[in-house]
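Read off the chains here:
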Amino acid sequence: MSRKGLIRLSLVVTASGIVGACGDSASEPIGVVAAIDVTPAGATLVLGQTERFRVLATDAQGSPVTGATYTWTSSNASVVTVDGLGVVTAIGEGSASVTATAGGVSGAAAVTVVAITFASVSSDDSQTCALT
């Protein structure tokens, strides 16, 4: 009996992706996070403002990695907070980094928070205006 065309194929599923092997040579892991890009890369927010940051994980070939789970953190929780969806809230003046991490790889964005100072302008004794 002939065994023509028979190829041994092995797939190993790991926490960081799928590694395939044909015969004795292993291929590169599929879907392993190699880089994380957070956008916008930098933002200036006004106290009380919120902004949603976005994230894209890519593999070593630059292809998007789907299904990655991200953990978001703020380097200075007295300046900005960030929730699990990347929504950043400005709560104090200053600077902070917002970081997204997946598969042990991180990407960050710089955030600066400023306050708006209101000034009062009077035109006479009966009218007062506020500048925003």
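Residues numbered from 1 in each chain as written. Predicted model: local features only at pLDDT ≥ 70, side-chain atom pairs only at ≥ 80, totals over all residues. Heavy atoms only, no water.

**Observations regarding the overall build of the chain**
No. 1: The helix and strand inventory of the chain stands at 0 helices and 14 strands.
No. 2: For the chain, the sequential pattern of α-helices and β-strands runs β-β-β-β-β-β-β-β-β-β-β-β-β-β.
No. 3: Considering the chain as a whole, with its 132 residues, one finds that 23% of them fall into the buried category.
No. 4: Counted over contacts in the chain with a minimum sequence separation of 6, partners at least 24 positions apart contribute 41%.
No. 5: Accessible surface computed for the chain: about 8700 Å², of which carbon and sulfur atoms make up 56%. (Helix = DSSP H or I, 4+ residues; strand = E, 2+ residues; numbered from the N terminus. Buried < 20%, exposed > 50% of the residue type's maximum accessible area, 1.4 Å probe, protein only. Contact = heavy atoms within 4.5 Å. Areas by Shrake-Rupley, 256 points an atom, 1.4 Å probe, with all protein chains shown as cover.)

**Looking at the sheet that holds strand E11 (residues 94-102)**
No. 1: Across the sheet, 4 strands lie side by side as E5-E12-E11-E8; this open sheet has mixed pairing. Every other strand in the sheet has two partners, leaving strand E5 (42-46) and strand E8 (71-74) as the edge strands with one partner each. Adjacent strand axes in the sheet meet at a mean angle of 25°, parallel and antiparallel pairs treated alike.
No. 2: Bridge analysis of E5 against strand E12 (residues 105-114) gives 5 bridges, and the strand direction is parallel. Note on E12: the bridge partner recorded for Val46 is Val114. (Pairing = 2+ DSSP bridges. Axes fitted to C-alpha atoms, helices over the stretch in contact; angles between N-to-C directions.)

**Here we look at unusual backbone geometry**
No. 1: Pro40 follows Thr39 through a cis peptide bond whose omega is -5°.
No. 2: Tracing the chain through its elements places Pro40 in the loop between strand E4 (35-39) and E5.

**Concerning the sheet that holds strand E6 (residues 50-52)**
No. 1: Overall, antiparallel pairing links the 3 strands, which are arranged E6-E10-E9 in an open sheet. Each having just a single partner strand, E6 and strand E9 (80-82) make up the two edges of the open sheet. In this sheet, neighbouring strand axes are inclined to one another by 20° on average, regardless of whether the strands run parallel or antiparallel.
No. 2: Here E9 pairs with strand E10 (residues 87-90) via 3 bridges, running antiparallel. Bridge pairing in E10 links Thr81 to Thr89.

**Quick notes on the environment of Leu47**
No. 1: Within the secondary structure, Leu47 is located in the loop between E5 and E6.
No. 2: On the basis of relative accessible area, Leu47 is assigned to the partly exposed category, the value being 38%.
No. 3: In this structure the C-alpha to C-alpha distance between Leu47 and Thr89, which are 42 residues apart in sequence, comes to 8.2 Å.
No. 4: Once residues lying within four places of it in the same chain are set aside, the contact partners of Leu47 are Ala90, Ile91, Gly92, Glu93, Val113, Val114 and Ala115.

**As for the nonpolar core**
No. 1: Ile36, Phe53 and Val80 are the most contacted members of the largest nonpolar core, which totals 22 residues.
No. 2: Breaking this core down by element, the ones donating at least two residues are E4, E5, E9, E10, E11 and E12.
No. 3: Those residues in contact with Val80 that lie beyond four places of it in its chain are Ser74, Val88, Thr89, Ala90, Ile91, Ala96, Val98, Val111 and Val113. (Core = buried A, V, L, I, M, F, W, Y, C linked by side-chain atoms within 4.5 Å.)

**A few points about the side chain of Thr58**
No. 1: Among the secondary structure elements, Thr58 is positioned in strand E7 (residues 54-58).
No. 2: When near neighbours in sequence (up to four residues on either side) are disregarded, Thr58 contacts Val32, Val33, Ala34, Ala35, Ser63, Pro64 and Val65.

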